[in-house]
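In case you want the letters, here they are:
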Amino acid sequence: MPNDVESKLLIVDDLPENLLALEGLVRGHGRLVYKAQSAEEALGLMLAHEFALAILDVQMPGMNGFELAELMRGTERTRHIPIIFVSAAGREMDYAFKGYESGAVDFLQKPLDPHVVASKVNVFVELYRHKKALRREMEAMAKLHREQEALVEQLQCTQRELERAVRMRDDFMSMVSHELRTPLNTLYLETQVRKLHLSKGNTVHFGPDRLPAMIERDQRQIQSMVRLIDDMLDVTRLRSGSLTIQPKPTDLAALARAVVENLAQQAEAAGCTVSLHAPAHVPGNWDEFRIEQVVTNLLTNALRYGGGQPVKIEVRTAGGAAELSVRDHGMGIAPEDQQRIFEQFERTEASRGKAAGLGLGLYITRQIVLAHGGQIDLQSAAGAGATFRVRLPLVGAPPVPAAPAPEPAAQMARQPEQQE
Ligand SMILES: Nc1ncnc2c1ncn2[C@@H]1O[C@H](COP(=O)(O)OP(=O)(O)O)[C@@H](O)[C@H]1O
Ligand SMILES: [Mg+2]
């Protein structure tokens, strides 16, 4: 039991000499004695202090000891203070017993016997100290319990994050394998067929009329693998903060035209017509290679998820910014998916059946746009096509850190191996 529990005692008597005498009897180590000469004064003290015990003189002018006790029992703050009544008459005690049976109450008779006073007071003070110490321990335990609960909660949260990370890694591995295997399989089959032709001396298949198309097909497969690996490298760079942009004078209109041309075959394969609406020039200060990546990603998506419907690209200047929008009329994106598709590996359910993909393109795209001090937004509804709009500041906007939390702020650096 800790000894540092201090006990306050209240003694109430209308006669100062009685108070002094009683004080002498109840004083002790770790005790503070408060004196009151009336019930009113006593109540005031009780509201200001927490008492271990109140010793009340029964006979007082005005409110007597019993009436004071009555009042104390009616107030939450004073209800639990144990009371010792002091009286000269034995009969009064009988009466008092009936009235206060339930509470922690005791009695002292005048003239006061010092031993009796001491032992009775000791009982209450010890009780108080025990109760107080117990309460402290319980509070400490409750605090500990709360801390443990918070810790458990934190651990569970970390565990959930870890599980998600492991799941994402596994999904990622299987997606990458799948994505790489498709073009590799095609290439492998092609080589098998060619080998067969060669073994049969079937050189007609390698004639000048067939060779260019053959090389073209090979290049497409290889390019799709290179793009995939580039995306993965970009994400790694974004995470490690080693991607920075290198702005230089760039023409967004010319760039958009080049991308449309580059993807002409892909558009044809998707059965999409692509129309470009752009002024002759929209000059600005951007990282040409990275912005080309942005336009390519958006147009590729429009072709992939555009359901073979016409795709429209618009480039213009508006309000101090260059604006590029890509509109398709395909499956669209439901409102609840419109934020998350800009995160790594996020794809819509509707798109999974339509085309294979890693879900990295839009993440990289947004990081590049943000690093230019620009914005990207999306207008879409499920089944109603999608419009992605990129806005890039026209004049020297300082590049801002790329990746949002929890990724470390990333800078974009064009790596030599990515130059085409
Ligand atoms: N034009 C679009 N129409 C419908 N859904 C789209 C479109 N563009 C992107 N999405 C959705 O956003 C997802 C993420 O796109 P992206 O990051 O480019 O990854 P990927 O194309 O490899 O799946 C896509 O898988 C698809 O679900
Ligand atoms: Mg994509």
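As the structure is a prediction and not an experimental result, all values here were calculated from the model.

Draft legend 1. Here's a closer look at the pattern of salt bridges. Counted under the stated rule, the structure contains 24 salt bridges. Here E23 ties to K35 by a salt bridge, and the two come within 2.9 Å at their closest N and O atoms. Taken together, the residues E23 in helix α1 (residues 16–26) and K35 in strand β2 (residues 31–36) connect sequence positions twelve residues apart. Since its relative accessible area comes to 14%, E23 is described here as buried. Salt-bridge contacts for R194 lead to E190; the nearest nitrogen and oxygen are separated by 2.7 Å.

Draft legend 2. View of the sheet that holds strand β4 (residues 83–87). If you trace the five strands from one edge of the open sheet to the other, you get β2-β1-β3-β4-β5, paired in parallel fashion. Either end of the sheet is taken by a strand with one partner, and the two such strands are β2 and β5 (105–109). Neighbour-to-neighbour, the strand axes of this sheet turn through a mean angle of 20°, independent of strand direction. Note that strand β3 (residues 53–57) and β4 share four bridges and pair parallel. Bridge pairing in β4 links L56 to F85. Seen against the sheet, helix α6 (residues 114–199) touches β1 (7–12), β2, β3, β4 and β5 and runs at an angle of roughly 160° to β5.

Draft legend 3. Broad picture of the packing of α6 against helix α7 (residues 211–240). Taken N-terminus to C-terminus, the directions of α6 and α7 make an angle of 160°; their axes are 11 Å apart at the nearest point. Taken together, the axis directions place α6 and α7 in an arrangement best described as roughly antiparallel. The handedness of the crossing between α6 and α7 comes out as left-handed. Facing F172, V176, E179, L180, P183, L184, T186, L187, E190 and R194 of α6, the residues of α7 in contact are M214, R217, D218, Q221, I222, S224, M225, L228 and M232. Its residues assigned to classes, the contact of α6 with α7 shows eleven nonpolar, three polar and five charged.

Draft legend 4. Spatial organisation of the nonpolar core. Counting residues in hydrophobic clusters, the biggest one holds 49 residues, and the most contacted among them are L298, L324 and F388. Here this core gets seven residues from one element, more than from any other, and that element is helix α10 (residues 288–305). Residue assignment places this core across two domains, with domain 2 (162–236) and domain 3 (241–418) each supplying three or more. One finds A36, A54, I83 and V105 within the second-largest nonpolar core, a separate group that totals 22 residues.

Draft legend 5. Up close: the site of ligand 1. Surveying the vicinity of ligand 1 reveals 19 residues, the closest of which are D328, R347, T348, S351 and L362. In the environment of ligand 1, an oxygen atom lies 3.1 Å from a nitrogen or oxygen atom belonging to the backbone of L358. Here L362 contributes a backbone N or O atom positioned 2.7 Å from an oxygen atom of ligand 1. When the free accessible area of ligand 1 is taken as 530 Å², the share hidden by the protein chains comes to 97%. Every element with two or more residues in the shell around ligand 1 is listed here: α10 and α12 (361–371). Tallying contributions element by element places α10 first for the shell around ligand 1, with three residues. When the residues that make up the shell around ligand 1 are grouped by side-chain class, the tally is eight nonpolar, seven polar and four charged.

Draft legend 6. A look at α7. For α7, which comprises 30 residues, the first-to-last C-alpha distance of 43 Å matches the rise-based estimate of 44 Å (1.5 Å per residue) to within 8%. Buried within α7 are the following residues: M214, D218, M225, L228, D230, D231, M232, D234, V235, R237 and L238. Where α7 is buried, its residues meet α6, α10 and α12. Downstream of α7 by one or two residues, G241 has phi in the positive range, about 75°.

Thresholds applied
- Residues numbered from 1 in each chain as written.
- Chains lettered and ligands numbered in written order.
- Predicted model: local features only at pLDDT ≥ 70, side-chain atom pairs only at ≥ 80, totals over all residues.
- Heavy atoms only, no water.
- Salt bridge = Lys/Arg side-chain N within 4 Å of Asp/Glu carboxyl O.
- Helix = DSSP H or I, 4+ residues; strand = E, 2+ residues; numbered from the N terminus.
- Buried < 20%, exposed > 50% of the residue type's maximum accessible area, 1.4 Å probe, protein only.
- Pairing = 2+ DSSP bridges.
- Axes fitted to C-alpha atoms, helices over the stretch in contact; angles between N-to-C directions.
- Contact = heavy atoms within 4.5 Å.
- Parallel < 35°, antiparallel > 145°, perpendicular 65-115°, else oblique.
- Left-handed = near helix turned anticlockwise from the far one by under 90°.
- Nonpolar A, V, L, I, M, F, W, Y, C, P; charged D, E, K, R; others polar.
- Core = buried A, V, L, I, M, F, W, Y, C linked by side-chain atoms within 4.5 Å.
- Domains from an automatic or database assignment.
- Near = heavy atom within 4 Å.
- Polar contact = N/O pair within 3.5 Å; in protein donor to acceptor, adjacent residues only side chain to side chain.
- Areas by Shrake-Rupley, 256 points an atom, 1.4 Å probe, with all protein chains shown as cover.
- Expected span 1.5 Å × (residues − 1).

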